[in-house]
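One-letter residues, chain by chain:
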Amino acid sequence: MQADGRRREAAEYCRGQRVPERLEEALNAVLARRPADLYGELRICSTVMPSYSEIPENASPETIEAYEKERDDSVNTAVEWVNESLNTMLRDLDPTDQCQVDKMLGEYFTNKVEEKKKIEKQKEEEEEAEVTLALTPPTTSPSPPPGKKKAAKAGTKSEAERPIPPAEPAEPALRGSSAIGGVSLAIARAAAAICHIPLYLHVALLKHDQESPEEMTLPLPMVTLLNCEKMSPSKLKLVKEVMLIPPVHLSLKQGIERVLDIQKEMTSLLEFPGKMPQFLKRISHLGCLTTGYDDLEQLLLLMQTACNNLGLELGADMYLAINCAAHELMDYDKGKYETLTGTFKSPDEMVAMYEELIDKFPFIIALIDPLRKEDRQQWSHMCCTLGSKCYLIAEDAATCISQLKIDQEINTPMCSGVVLKYMNQTKVSDLIELTGILDGQRHITILGSPDGESPDDSLVDLAVGLGARFIKLGGLSRGERVTKYNRLLAIEEELAKNRTLRKAKLEFIAFAEESQPEEQLSDVFPPPQQD
């Protein structure tokens, strides 16, 4: 009876929210063109949608409407590219020749970029011609009084403080560019099907020149537990995500179960009277709890309490990673990061703060985007002081994969590794080449899930085949994220059954001793404990 009542409540809720009608509208919007290749149409839509999902959670209705229009236009353009040009260009090619296919896709994309530049240049010339006709002789504007200049300088920065480097301009995504990534991945999937092997093994063969690896290592999951809103009423702005990393001696299944236990305990602590229930809001788009705190120590102590209640110890039975997203914190007028509401720190002060944080809470083993990518000097200093204790990961600096590689070098500040995301014009060959360079430079690779809603689990196969150290998929809620975790569990079972599963290792790089051979990488983790 109780179950029947809940089903009735759920049905009434769906009717009240117009769920059936909205689903029908969404399907009609996708299928209105009646594509000849329905699977291909849905694949492109699934690939494109994440590419245009970098949108703040508290965005205005106007921003959301503009974003949705841009996404829809990009989907339409990508489908046109596939149906009109790429379909003809790639016909009769061998799908197992990934390099040749990706080379042709890259040339096609380059031509599209040049076409856009020509159109924009022609438009600018026309606009300049119109302006010149209507332009009156320019009048010289008076120079600002010297007194104003002095007033602007007074009290802003001391001579000891260096001006911060300006933010590098973001490269706009070319409309339709996700057709390139979608087709490249589709070719890899087709080749794997032809060879009757899973996608992850096909990718591994591509990376290792068709030499089948004797063993394969699963990437360790960075499971998002909390999404801390930077715009919430709480004061803490430094933390965007708090992630859990299971210890290496646990199987993936055991690690996920342990994360679920901690998640349930954290939820009960947050809902308990007197434990800030006003900040516990909802499930985020990242598949985790959305909450807020007044300071970082408050958050970390609550995490310790949750683990202690379960008989677990942070630093031995579970580790933490923090996504700081520092590029979202910079106040360019002040030239400082706003770590708490009304509290600002210079880049050098940020480094000192992180050093104190890791010394006090050594169970934090990874910081993602602790600084902007432009603060390269501070990245270098932080790597030398913290690199042997903590992974220092660049994510924002690796957003545009096409600009990441320059003459066999990775164009990022000094760091332990980067987060790579498969989106826009990224091709499978690009990831293979980049991860090869990263491996040679003793950097770690993290495959990250784009923020958009896509149930495609190919990212997991890519991470396994490329030998990524970590995989960042978000939380353990929402279907599009759970699907990926399920795929990771299935691969673990398959590798274990075939006796080709190798245990992962967690090793830090001593940046101050970069000249050391690889065997001397420091391992600061406690010895594995029997679970």
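Please read these numbers as outputs of a predicted model, since none were measured by experiment. Every residue gets a number counted from 1 within its own chain, in the order that chain's sequence is written. Given that this is a predicted model, residues contribute local features only at a pLDDT of at least 70 and side-chain atom pairs are listed and counted only at 80 or more, while totals for whole chains, interfaces and linings are drawn from all residues. Heavy atoms throughout the structure, all of them, feed into the side-chain values; hydrogens and water do not.

## Considering the overall build of the protein chain
Going by this rule: Numbered from the N terminus, helices here are DSSP runs of H or I no shorter than four residues, and strands are runs of E no shorter than two. For the exposure calls, accessible area comes from a 1.4 Å probe over protein chains only, and a residue counts as buried if that area is under 20% of its type's maximum, exposed if over 50%, partly exposed in between.
A count of helices and strands for the protein chain gives 15 helices and 17 strands. Looking at the protein chain as a whole, 47% of its 531 residues qualify as buried.

## Comments concerning the pairing of strand E14 (residues 417-421)
For clarity, the threshold we go by: We call two strands paired when DSSP finds no fewer than two bridges between them. The path from the first strand over the helix to the second decides the hand: if it runs clockwise while the strands point away from the viewer, the crossover is right-handed.
Along E14, five of the five residues are buried, which leaves the element largely enclosed by surrounding structure. The pairing of strand E11 (residues 391-394) with E14 spans two bridges and is classified as parallel. Looking at E14, one finds that Ala-394 is bridged to Val-418. Bridge analysis of E14 against strand E15 (residues 444-448) gives five bridges, and the strand direction is parallel. Residue pairing for E15: Leu-420 is matched across the bridge by Leu-447. Since E14 and E15 lie parallel, the crossover through helix H13 (residues 428-440) that links them has a hand, and here it is right-handed.

## Digging into the pairing of strand E10 (residues 364-368)
The buried count for E10 comes to five of five residues, which makes it a mostly enclosed element. Bridge count between E10 and E11: three bridges; the pairing is parallel. Residue Ile-368 lies in a different strand from E11, and its bridge partner there is Ile-393.

## Topic: the sheet that holds strand E8 (residues 336-340)
The cut-off we apply is this: Contacts are assigned to residue pairs with any non-hydrogen atoms lying within 4.5 Å of each other. Working convention: axes come from line fits to C-alpha atoms, limited for helices to the stretch in contact. Angles between N-to-C directions cover 0 to 180 degrees.
Sheet architecture is open: three strands sit in the order E7-E8-E9, paired in antiparallel fashion. The open sheet has two edge strands, strand E7 (330-331) and strand E9 (343-345), and neither has a second partner. Pairing geometry for E8 and E9, over three bridges, is antiparallel. Pairing of Tyr-337 across the sheet is with Lys-345, part of E9. Helix H11 (residues 347-360) contacts E8 and E9 of the sheet and is inclined by roughly 100 degrees relative to E9.

## A word on the nonpolar core
What counts, and what does not: In this description, a nonpolar core means a group of buried Ala, Val, Leu, Ile, Met, Phe, Trp, Tyr and Cys residues linked to one another through side-chain atoms lying within 4.5 Å.
Core analysis: the biggest nonpolar cluster contains 98 residues, and Leu-226, Leu-238, Met-303, Tyr-354 and Ile-364 have the highest contact counts within it. Core analysis: the second largest hydrophobic core is formed by 18 residues, Ile-245, Tyr-391, Ile-446 and Leu-506 among them.

## Considerations on the state of the cysteines
Under the convention used in this document: Any pair of cysteine sulfurs within 2.5 Å is marked as a disulfide.
If you walk through the whole model with that rule in mind, you get zero disulfides. Not part of a disulfide, Cys-383 finds its nearest cysteine sulfur in Cys-415, a span of 6.4 Å. On the accessibility criterion, Cys-383 (0% relative accessible area) is buried. There is no disulfide at Cys-384, and the cysteine sulfur nearest it, in Cys-383, is 6.9 Å away. Using a relative accessible area of 41% as the deciding quantity, one classes Cys-384 as partly exposed.

## Overview of the pattern of salt bridges
Pairing between side chains of opposite charge can happen when their charged atoms approach one another. The condition that has to hold: Think of a salt bridge as a Lys or Arg side-chain nitrogen and an Asp or Glu carboxyl oxygen that are within 4 Å of each other.
On inspection of all chains with the given rule, the structure shows 21 salt bridges. Notably, a salt bridge pairs Arg-175 with Glu-70, separated by 3.0 Å at the nearest N-O pair. You can see Arg-175 sitting in the loop between helix H6 (146-153) and helix H7 (178-194) and its partner Glu-70 sitting in helix H4 (residues 61-89), a full 105 residues away along the chain. The class for Arg-175 is partly exposed, based on a relative accessible area of 38%.

## Some remarks on the packing of aromatic side chains
So the rule is basically this: Pairing of aromatic rings covers Phe, Tyr and the six-membered ring of Trp, with a centre-to-centre limit of 6.5 Å; geometry is then stacked below 30 degrees between planes, edge-to-face above 60, and tilted otherwise.
If you walk through the whole model with that rule in mind, you get four aromatic pairs. An aromatic cluster is present here, built from Tyr-391, Phe-470 and Phe-508 joined pairwise through their rings.

## Some remarks on unusual backbone geometry
Here the phi dihedral of Ala-325 falls at roughly 45 degrees; this positive angle occurs in a residue that is not glycine. Mapped onto the secondary structure, Ala-325 falls in the loop between strand E6 (319-323) and E7. For Ala-325, a relative accessible area of 2% translates into the label buried. The phi dihedral of Arg-478 falls on the positive side, at around 75 degrees, and the residue is not glycine. Looking at the secondary structure, you find Arg-478 in the loop between strand E16 (470-474) and helix H15 (479-497).

## Focus on the layout of surface pockets
Applicable threshold: A 1.4 Å probe that fits but cannot get out identifies a cavity on a 1 Å grid over protein atoms alone, an open set with protein on both sides within 12 Å along at least five of seven lines counts as a pocket, and a residue lines either if it has an atom within 4 Å of a point. Grid points are joined across faces, edges and corners, and a volume is the space filled by probe spheres set on the points. Each residue is assigned to one class: nonpolar for Ala, Val, Leu, Ile, Met, Phe, Trp, Tyr, Cys and Pro, charged for Asp, Glu, Lys and Arg, and polar for all the others, Gly among them.
When its volume is computed, the second largest pocket comes out at roughly 770 Å³. Taken together, 28 residues make up the lining of the second largest pocket; nearest its centre are Thr-217, Asp-439, Gly-467, Arg-469 and Arg-502. Put simply, the parts of the chain that give the lining of the second largest pocket at least two residues each are helix H8 (199-207), strand E1 (216-217), E15 and helix H14 (458-466). No other element matches H14, which puts three residues into the lining of the second largest pocket. Looking at the lining of the second largest pocket, its residues break down into 12 nonpolar, six polar and 10 charged.

## Digging into the packing of H4 against H7
Note the threshold: Any angle between 65 and 115 degrees counts as roughly perpendicular, while under 35 counts as roughly parallel, over 145 as roughly antiparallel, and the rest as oblique. Left-handed is the label given to a crossing in which the near helix is rotated counterclockwise from the far helix by less than a right angle, and right-handed is the label when the rotation is clockwise.
For the pair H4 and H7, interaxial distance at closest approach is 8 Å and the crossing angle is 60 degrees. One finds that H4 runs oblique with respect to H7. Seen from above, H4 lies across H7 with right-handed handedness. Counted together, Ala-78, Trp-81, Val-82 and Leu-86 of H4 and Ala-179, Ile-180 and Val-183 of H7 form the full contact between these two elements. Class assignment for the residues of the contact of H4 with H7 results in seven nonpolar, no polar and no charged.

## Description of the environment of Glu-374
Take Glu-374: it is sitting in the loop between E10 and helix H12 (376-386). Distance in space between the C-alpha atoms of Glu-374 and Ile-164 is 8.4 Å, their sequence separation being 210 residues. Non-local contacts of Glu-374, meaning those with residues more than four positions away in its chain, are made with Pro-165, Pro-166, Ala-167 and Glu-168.

## Overview of the environment of Glu-215
Among the structural elements, Glu-215 can be located in the loop between H8 and E1. Its relative accessible area of 35% is what places Glu-215 among the partly exposed residues. Residues Glu-215 and Arg-499, spaced 284 residues apart in sequence, show a C-alpha to C-alpha distance of 7.9 Å.

## Considering H12
Condition: Taking the helix axis as origin, the arc is that swept by the directions to the C-beta atoms.
Looking only at H12, the buried set comprises Gln-378, Trp-379, Met-382, Cys-383 and Leu-386. Down the axis of H12, the buried side of the element spans an arc of 140 degrees, and every buried residue falls inside it. Looking at the buried positions of H12, the neighbouring elements they touch are H11 and E11.

## So, the confidence of the model for the protein chain
Filter applied, for reference: By definition, pLDDT measures how confident the predictor is in each residue, and it falls between 0 and 100.
In the predicted model, the protein chain carries a mean pLDDT of 82, and 78% of its residues have values of at least 70. Segment residues 29-53 is flagged for pLDDT under 50; beyond a separation of four residues in sequence, or across chains, it makes 48 contacts in the model. Confidence drops under a pLDDT of 50 for residues 148-160, and excluding neighbours within four residues, the segment shows four contacts in the predicted structure.

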